[in-house]
Structure formats: structure tokens, C-alpha cells
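One-letter residues, chain by chain:
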Amino acid sequence: MEVVKVAKETSSTARPKKIRRVRIGLNVLLQIGLILFLAVMVNYLGFEHYRRWDLSRDKKYALSDKTKRFLESVKGKMRVTVFFSGNNPIGQDVQSLLTEYQYAAKGKLDVENIDPERNLSRAKEVFDKYKVVSDESLLIVDYEGRNKTVKASEMAEIDPGNQMLGEGPKIAAFKGEQAITSAMIDLVEGKKNVVGYLLGHKEPPIAETAAPPPMAAQAPASPISVLKTFIENENIKFQELNLFDLGSIPADVKTIMIVGPQYDLSDREMKMLRDFWNKQGRILLLLDPAAKTPKLTGFVNELGVRVNDDRLMGMMRTGIEEVALLRDVQARFVGDSPITKRIADVRGLFAGGASSLTLEQDRAQAGNIRLQPLAQAEKGYWAERDYNSDDQAKFQADAAANKGTIHTIAAAIEKGGSGDERVQVNSARMVVISNATFVQDNALTQGQQALDFVSGCLNWLLNREQLIGIAPKVPKTLTFTLDETALRNLRWLILVLMPVIPAVIGSAVWWRRRA
């Protein structure tokens, strides 16, 4: 009986469990749904929140800081229609660049590409809408009913090459970002900002020098033509301003630019300048330390910035016992101001010498004036009062006595308004720089730090803080220049060394196999 009972218990425990197919099916469906949900979320996040990196050597398609800040400030929708034929040498570059614009604009920029050779009906429709008559490849930027055309010739410098040697045209420099961003700024702002350029005191001319008709083609350009072109690309228009011929400063001039006057302003001119300042005017003042302008510097002194009668000098060791005297000032931009925040700690060369500026903060605060240093000379420079001397021993003694002193060469002045950047309140603003030659074409050889600095000053004076930043640079084609010795070495390398190496390797292999 016990054996039978055990057998019954064993058979009952070995009975298979009931399969719950409904529960398993629901579990599988839940897992599939969860996997699909995760896949959709990953794709959504990857599409909406992705990052792009330009890993090319010259950062050809990486947008500048200024362009990104401008796109962030645009409120409305912008549209770009591209008309480039398939054989245009910069067509692919323009397409890649506009992709970066779309990414930075975050949905505020639409791009349509039309090949006028393949889609004639659509091209004719858009050409008729915008009244385009040019056969050149171009793009049209449209914003709130206003449009602007940017031609391919404005976006690149083309080297035609040497036809005798069979060389075809090639891109010497791609300037697409400069041209496209300039067109966008013009459309968004509409009316150009007018900057009055003061003349009449032997300042460098802003326009090209006039010449008789037979010599008109050889007329020299303005010594600050690079700066003029750079600033005008930001929807700014320079207007010559001669106070001798005016009863008052025109109402459309909100900012006055004074670059290195060699003669002092008259009492009448100074009164007009003071009245302009007292009416919340904006002034960019570049002083030539060698010029005697006591009335102009006296006006600046009243605002708490004293222009000292000295020259900043530095010593550079060129040998064991040889020391060179530096009169060009290497300066560092101070990042405490909205003007220099984007170029903080960047170094720039102020060629032609500079004098030191003393900021009298206590005196300025009494008049509701805020002072901020913008550029300071590097350590090692000292302020020399006897700057016309040739006594090297005295210079070395003065350098040792002033070791470690930091000297300011550019400062911002603001009267009224608010110290908080987020609060927009009208105020009188001025930027004072104790050097006037660093913006000239022959001094702009160390990059575009000077251009970015002056652009930041003007945009701050014009209340366009969103446009303060590092502007796009023009990438150049990489070229190599070989002298006669290098060419001779290259010839031996190609004719002798390159054939000898495989011959030696082949001989070694043959000898080994034979052995």
C-alpha cells in the first residue's frame, strides 16, 4: 500500500504546469512596445538635440561666434533660396555652410535649393517673384517681405590659374559666411546705422583719395580701407563729418568716430561735441599720442580718464648682453566689459606706440559715470615720461623701477543708464584708446584682433550687444614656397632616392630567395 501511495504522489507532482499563453503574449507585446518606444525616443533626441563638430584643418564650415549670436537674436522666420548650377566650384561649400546656419538657427531658417538648369519652371517663378535678372549663381535671403541677393562672386575669390599651363580656376578664399551674415543683418535691422567719421584735423581719410580722370584707376585707397569694409559688412554706414561746415551734428548720426586727429578741435567744435555727449551721444575716440590735442584730452579728463603724457615701452633681450627697446605695445583685452567679454585674454598688437590712461574711479562715480578698462599692456611695459631720450641706461633703470605695474591703454566710459547688461537704459557712452594706428591697413598683419575689438566698440556704442563677438575669418588656400635649395633637394629625392629604395628592397628579396 505504501508503494502505491508513493507512486500516486510522484505522478501528481510530475504533472506539467498549465501554460499561461495570454500572460506570456502580453509580456512579449509589452517588451516590444517598450523597445519601440526607446527606439523612437533615441531617434527623436538624436534629431532634435544633436551636436556638430567641424574637424577640418581650417574650420571651413564652423560658424563664428558673432554669426551664432546674431542667429539667436533673430525673432522671425528667415528663408534662403539657393540658385547654384551643378558645375559651380563653390556650390558644395555653400550647401555645407547653409546646413550649419540651419543648425545654429534652431528652426528659424528654411533653405530651398533650385538648380536653374534642371528645374526651369521653379527657377523662373522665383526669379519673377524677386525680380532677379542676373545669370550668375546666387542665393536670395528673404525676411519679413524684404529680400537681398548674394552672388557667388561675393562669396569667393577665384584664382583663374595659368591657362598656358593648363591650370583651371580654383578657389583662393571662401567668404560665404561674411557675405551671408552681412545680408541677414541688413534685412533684420532694415535701416543702416550711421557712424559719423570726423574729418578736418588731418585724420586718415575714410574714402578713397580723389585723383584726376587719367589717374583715377590708380587712386590710392583709404589707409583704413580694411576696417571700413569690415565694419560696413555689419550694416553700418560711414558718413564723413566735418564740423566746420555744419551747424549741428545730423540727427541720424548716433555715433561719432574720431581717429588720430593731428590738430586740436576748435572751441566751436568742442561745444558741438559736448552737446552731442550730453544728449546721450556715443563717441569712439582713438588718440595719437604724438599729437597735441589739449582740448580733446581735457574733455576726456573731465569724465575721469586722464591721458598721460608718456609712452609705454618694453625691453626684449635679443642676446646674452643685447637688449632691444619695444615701442609697439603688446596688450591683453580685459573681459570685464561687454565689449571685450568675447575676446577676454586675447593678445593684440598696438603698433605705433601708446600712452597710458589713468582711470579716476572716485571722480567718475561722483558724476554718475562708470569706467571700465578694455585693454592693458602686458607685464614688462613701463610708462616713460622722457620718451624722446636715447639714454638706454635710463630706460633700463626706469623699467626696473616700474616692474610689475599694469598700464591701461583703452577704456570705456558710460554716463547714466544701468550697470546691468540686461537692463536697456539710454546713456552716453564713449570708448577711449590711446593709439590710432593699430587699425590702419599696414598694421593689420597679426590677425583680426584689432578688427574684432573696434567692431565690439562700435556695436556697444550702437546698443547692438548681440553682435559683439569674434567675426568670421577668411580661410586662405594653403600654399608652399620652395627656394632653390629646397627644389634641388626635392629633385634628388624624386630622381634618385625614390627609385633606389624599391631597388634595394627588391635586391634583398631576390638574394634571400636565391640563398
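Up top is the structure.
Residues numbered from 1 in each chain as written. Predicted model: local features only at pLDDT ≥ 70, side-chain atom pairs only at ≥ 80, totals over all residues. Heavy atoms only, no water.

**Let's talk about the packing of helix H8 (residues 225–232) against helix H13 (residues 449–461)**
- Following both chains from N to C, one finds H8 and H13 inclined at 50°, their axes separated by 10 Å at the closest point. Judged by the inter-axis angle, H8 sits oblique to H13. When you trace H8 past H13, the crossing you get is right-handed. Residue-level contacts link Val226, Leu227, Phe230 and Ile231 of H8 to Leu451, Asp452, Val454, Ser455 and Leu458 of H13.
- Residue classes in the contact of H8 with H13 are distributed as 7 nonpolar, 1 polar and 1 charged. (Axes fitted to C-alpha atoms, helices over the stretch in contact; angles between N-to-C directions. Helix = DSSP H or I, 4+ residues; strand = E, 2+ residues; numbered from the N terminus. Parallel < 35°, antiparallel > 145°, perpendicular 65-115°, else oblique. Left-handed = near helix turned anticlockwise from the far one by under 90°. Contact = heavy atoms within 4.5 Å. Nonpolar A, V, L, I, M, F, W, Y, C, P; charged D, E, K, R; others polar.)

**Overview of the sheet that holds strand E13 (residues 323–326)**
- One open sheet accounts for 3 strands, arranged E13-E12-E18; its pairing is antiparallel. A single partner strand is all that each edge strand has here, and the edge strands are E13 and strand E18 (382–384). Across the sheet, the axes of successive neighbouring strands diverge by a mean angle of 40°, strand direction being ignored.
- For strand E12 (residues 311–317) and E13, the ladder comprises 4 bridges, and the chain directions are antiparallel. Residue pairing across strands places Arg317 opposite Val323, the latter belonging to E13.
- Each of E12, E13 and E18 touches helix H12 (residues 392–401); the most contacted strand, E18, lies at about 135° to it. (Pairing = 2+ DSSP bridges.)

**A short note on empty space enclosed by the protein**
- Throughout the structure, instances matching the rule amount to 2 cavities of 30 Å³ or more.
- Roughly 40 Å³ of volume is contained in the second largest cavity.
- Every residue lining the second largest cavity is listed: Leu71, Val74, Met78, Ala105 and Lys108.
- Looking at the lining of the second largest cavity, its residues break down into 4 nonpolar, no polar and 1 charged. (1 Å grid on protein atoms, 1.4 Å probe; cavity = no way out; pocket = protein on both sides within 12 Å on 5 of 7 lines; lining within 4 Å. Points joined across faces, edges and corners; volume = space filled by probe spheres on them.)

**A look at the packing of aromatic side chains**
- Across all of its chains, the model carries 9 aromatic pairs by this definition.
- Here the aromatic rings of Trp382 and Phe395 are separated by 6.4 Å at their centres, their planes lie at 50°, and the arrangement is tilted. Linking Trp382 in strand E18 with Phe395 in helix H12, this pair joins segments that are 13 residues apart in sequence. Of the two residues examined, Trp382 and Phe395, each falls in the buried class.
- Ring geometry for Phe438 versus Phe453: centroids 6.5 Å apart, planes at 40°, classification tilted. In this pair, Phe438 sits in the loop between strand E20 (427–433) and H13 while Phe453 sits in helix H13, placing the two residues 15 residues apart along the sequence. Judged on exposure class, the residue Phe438 and its partner Phe453 are both buried. (Phe/Tyr/Trp six-rings, centres within 6.5 Å; stacked < 30°, edge-to-face > 60°. Buried < 20%, exposed > 50% of the residue type's maximum accessible area, 1.4 Å probe, protein only.)

**Comments concerning the sheet that holds strand E1 (residues 78–83)**
- Taking strand neighbours across the sheet as the criterion, the 4 strands line up as E2-E1-E3-E4 in an open arrangement whose pairing is mixed. Only two strands of the sheet have a single neighbouring strand rather than two, namely strand E2 (109–114) and strand E4 (146–151). The sheet shows a mean angle of 15° between the axes of neighbouring strands, taken without regard to direction.
- Here E1 pairs with strand E3 (residues 138–143) via 6 bridges, running antiparallel. Its bridge partner being in E3, Val82 is matched across the sheet by Leu139.
- Of the strands in this sheet, E1, E2, E3 and E4 touch helix H5 (residues 120–130), which is tilted by about 125° from E1.

**Remarks on the nonpolar core**
- Ranked by size, the top nonpolar core spans 46 residues in total, and within it Met257, Leu284, Phe350, Val431, Ile433, Phe438 and Phe453 carry the most contacts.
- When residues in this core are grouped by element, the largest group, 8 residues, is from H13.
- Residue contacts for Phe453: discarding those within four places in its chain leaves Phe333, Ile339, Thr340, Ile343, Phe350, Leu374, Ala410, Ile433 and Phe438.
- In terms of nonpolar packing, the next biggest core, distinct from the first, is built from 33 residues, Leu265, Ile283, Leu296 and Val300 among them. (Core = buried A, V, L, I, M, F, W, Y, C linked by side-chain atoms within 4.5 Å.)

**Overview of the pairing of strand E17 (residues 369–377)**
- Of all 9 residues in E17, 7 are buried, a share of seventy percent or more.
- Across 3 bridges, the pairing between strand E14 (residues 329–333) and E17 is antiparallel. Looking at the pairing, Phe333 lines up with Ala375 of E17.
- Across 7 bridges, the pairing between E17 and strand E19 (residues 408–416) is antiparallel. Residue pairing across strands places Gln376 opposite Thr408, the latter belonging to E19.

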